[in-house]
Amino acid sequence: MIIDLLVSNYRILLRAFGNTLTIALISLVFATLIGLISSLMNLSRSRILRAVSRFYVALIRGVPMIVLAFMVYFGLPYLLKKMGVSGFRIPVYTASLITMSLNAGAYMSEIIRGGIQAVDPGQSEAARSLGLPYNKTMRLIIVPQAIKTMVPAIINQFIISFKDTSLLSVIGFAELTNQTQVIIGRTNAIFEMWAIAGVLYFVSCTLLGQLGKVVERKLANGN
Amino acid sequence: METKIKLENITKSFGKLDVLKGISLSLKPQEVVCIIGPSGSGKSTLLRCMNRLEEVNSGSILIDGVDITDPSVDINHIRENIGMVFQHFNLFPHLSVLENVMLAPVELGKMSKEEAKANALTLLEQVGIHEKADVYPVKLSGGQKQRVAIARALAMNPDIMLFDEPTSALDPEMVKGVLNVMKDLTKRGMTMVVVTHEIGFAREVADRIIFMDQGKIVEEGKPLELLNHPQEERTIAFLNEIL
């Protein structure tokens, strides 16, 4: 029964799974960039930059991702239309990527901030006393040390993001959950299809967790 | 008279706590000054003001005639000429000993990689640790770490060195090696400010000893004068405690 379902739907499942994995991966890259910028803003001396970063993090923490997805995909084009900008449409893939990146970016911001603050202040004092400017101190001394403490949290965030992609099914992004619904609509194999989807998520997340452990061990030995 | 470092009436507070209450001090080129005093007297803070790791509340600090309390001063450029050695070494753990020493000259465009490497190896030899060049700091003893830290500070070829209790975190048997390296520096004409509890070292190498207490300079003088004939009661009490 399940075998038959797999055989007849493996193409669509593979494509859906591929979409899930790639949107998680690409959004993690953007989220890391957003998180890096936001965390540096949060740690900067400028009150305005700090406020912007904190507001962003608070907003993402306080708004469910599903609401954010609706806002990006439906809300913004509607607002633009009302403001007189007609014909603006945002592709579902782009909306998904923006939603995921913004969402994970806020958590990455906190992870990176924590990692940077965990580095002994003596490190930056030593670097500054040598005459290194702030950006070089960050890039050469602080961030490389911070990354080590951040890796477990980043992998954890990636696993969370990977599962959060399922929420994008509500705006019609063709990821695993969305496509599972489509297949169920055609086959009516409700239990079997959700079991297949569940196993795919579970196995992927477990593998990601194992991969994380390997990376962690590599970094720990790197010294 | 030429002055290398000149502090004029500097004050510094952390919140409500006044740590430095009007300190004036000047050093001639090549002078070696040791600062002693009880913990909490402000001596480390005073030292850290000299390369602006701490910002003063008022007063001025002239290094080679340039007031580093002026916000428009390029402090990074000034710091290139002031080496600093910390109590807890603060070596960069993700870089090898050699990379620790090479980093600043290469990154700040002072030397090519080859020059910096040759320079670093020479310095490591001077501090007696060149055989550890490719090792990471975690593998070194405290005394070895501190000697690497001194080599790292020397790599930019500074003519001022600041030492913030450089032997306080060391096992007793490690202290001598570090002090010997510092003694060599005084012979090479380095201007040095050393916050220390090593009275023997201060007696031997300092041109002047400064005794600080409660954010003020209580007494200063040549080592033998100050150590053998202290004038102030607080100095006498402190010296009685530690000698």
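Cut-offs used in this document
- Residues numbered from 1 in each chain as written.
- Chains lettered and ligands numbered in written order.
- Predicted model: local features only at pLDDT ≥ 70, side-chain atom pairs only at ≥ 80, totals over all residues.
- Heavy atoms only, no water.
- Pairing = 2+ DSSP bridges.
- Helix = DSSP H or I, 4+ residues; strand = E, 2+ residues; numbered from the N terminus.
- Axes fitted to C-alpha atoms, helices over the stretch in contact; angles between N-to-C directions.
- Core = buried A, V, L, I, M, F, W, Y, C linked by side-chain atoms within 4.5 Å.
- Buried < 20%, exposed > 50% of the residue type's maximum accessible area, 1.4 Å probe, protein only.
- Contact = heavy atoms within 4.5 Å.
- Parallel < 35°, antiparallel > 145°, perpendicular 65-115°, else oblique.
- Left-handed = near helix turned anticlockwise from the far one by under 90°.
- Nonpolar A, V, L, I, M, F, W, Y, C, P; charged D, E, K, R; others polar.
- Right-handed = clockwise from strand over helix to strand, strands pointing away.
- Patch = residues over 30% accessible without salt bridge, like charges linked within 9 Å, V, L, I, M, F, W, Y side chains within 5 Å.
- Areas by Shrake-Rupley, 256 points an atom, 1.4 Å probe, with all protein chains shown as cover.
- Salt bridge = Lys/Arg side-chain N within 4 Å of Asp/Glu carboxyl O.
- Expected span 1.5 Å × (residues − 1).
- Buried area = accessible area lost by both parts, 1.4 Å probe.
- Polar contact = N/O pair within 3.5 Å; in protein donor to acceptor, adjacent residues only side chain to side chain.

A separate point is the sheet that holds strand E7 (residues 160-164) of chain B. Residue and element names in this part refer to chain B. If you walk across this open sheet you meet the six strands as E6-E7-E8-E3-E9-E10, and the pairing is mixed. If you trace the sheet from one side to the other, it starts and ends with strand E6 (82-85) and strand E10 (216-221), each paired once. Looking at each pair of strands side by side, their axes are set apart by 15° on average, direction ignored. As defined by bridge partners, E7 adjoins strand E8 (residues 191-195) across five bridges and the pair is classed as parallel.

This part is about the nonpolar core. Of all hydrophobic cores here, the largest spans 54 residues; its most connected members are Ile-141 of chain A together with Ile-10 and Leu-46 of chain B. Here this core gets six residues from one element, more than from any other, and that element is helix H6 (residues 134-164) of chain A. What Ile-10 of chain B contacts, discounting residues up to four positions off in sequence, is Leu-20, Lys-21, Gly-22, Ile-23, Leu-46, Cys-49, Val-56, Ser-58, Gly-59, Ser-60 and Ile-61 of chain B. Ranked by size, the runner-up nonpolar core spans 49 residues in total, among them Leu-98, Leu-124, Ala-149 and Met-161 of chain B.

Further remarks concern the packing of helix H2 (residues 47-62) of chain A against helix H4 (residues 92-117) of chain A. All names here are of chain A. At a minimum axis separation of 9 Å, H2 and H4 run at an interaxial angle of 120°. Considering the angle they form, H2 stands oblique to H4. For the crossing formed where H2 meets H4, the hand is left-handed. Across the interface between the two elements, Ser-53, Tyr-56, Val-57, Ile-60 and Arg-61 from H2 touch Ser-101, Leu-102, Asn-103, Gly-105, Ala-106, Tyr-107, Ser-109 and Glu-110 from H4. Here the contact of H2 with H4 is composed, by residue class, of six nonpolar, five polar and two charged.

For the rest of this paragraph, the subject is the pairing of E8 of chain B. Within a regular beta strand, the side chains point alternately toward one face of the sheet and then the other, so they alternate between its two faces. Residue and element names in this part refer to chain B. Most of E8 sits inside the fold, with five of its five residues counted as buried. Burial along E8 is two-sided: Thr-191, Val-193 and Val-195 facing one way and Met-192 and Val-194 facing the other are all buried. When strand E3 (residues 32-36) meets E8, the two strands line up parallel, connected through four bridges. Its bridge partner being in E8, Val-32 is matched across the sheet by Met-192. Each parallel crossover has a hand, and for E7 linked through helix H6 (residues 172-187) to E8 it is right-handed.

Among the surface-exposed residues, Leu-21, Leu-25, Ile-26, Val-29, Phe-30, Leu-33 and Tyr-93 of chain A lie close enough to one another that they form a single nonpolar patch of about 580 Å² accessible area. Positionally, Leu-21 of chain A belongs in helix H1 (residues 2-43).

In this section: the pattern of salt bridges. One side chain can pair with another of opposite charge once the charged atoms of both are near each other. For the structure on display, the rule yields 15 salt bridges over all chains. We note a salt bridge from Arg-52 of chain B to Glu-55 of chain B, for which the minimum N-O separation is 3.9 Å. On the accessibility criterion, Glu-55 of chain B (40% relative accessible area) is partly exposed. Note that Asp-184 of chain B and Lys-187 of chain B form a salt bridge whose closest N and O atoms lie 3.8 Å from each other. Note that Asp-184 of chain B and Lys-187 of chain B are positioned in helix H6 at a spacing of three residues, about one turn of the helix. When salt bridges that share partners are traced, they join Arg-61, Glu-110 and Arg-113 of chain A into one network.

In this section: helix H5 (residues 142-154) of chain B. Between its first and last C-alpha atoms H5 of chain B spans 18 Å; for 13 residues at 1.5 Å apiece the expected length is 18 Å, and the two agree. Most of H5 of chain B sits inside the fold, with 11 of its 13 residues counted as buried. Those residues of H5 of chain B not exposed but buried are Gly-143, Gln-144, Gln-146, Arg-147, Val-148, Ala-149, Ile-150, Ala-151, Arg-152, Ala-153 and Leu-154 of chain B. Buried residues belonging to H5 of chain B abut helix H5 (121-129) of chain A together with E6, helix H3 (97-107), helix H4 (113-126), E7 and H6 of chain B.

Glancing now at the interface of chain B and chain A. Contacts between chain B and chain A engage 25 residues on the former and 19 residues on the latter. Together chain B and chain A conceal approximately 1,900 Å² of surface at their shared face, both sides included; 56% is due to carbon and sulfur atoms. The three residues of chain B that bury the most area against chain A are Phe-92, His-94 and Glu-107 of chain B, which together make up 26% of that side's buried surface. At the junction of chain B with chain A, the criterion picks out two salt bridges. A salt bridge links Lys-136 of chain A to Glu-107 of chain B, with the shortest nitrogen-to-oxygen separation between them at 3.2 Å. For the pair chain B and chain A, the interface holds five residue pairs in polar contact (both at pLDDT 80 or more). If you list the elements that add at least two residues to the side of chain B that touches chain A, you get helix H2 (75-79), E6, H3 and H5 of chain B. Ranked by residue count, the leading element in the side of chain B that touches chain A is H3 of chain B, at three residues.

Nothing here speaks to function; it is all geometry.
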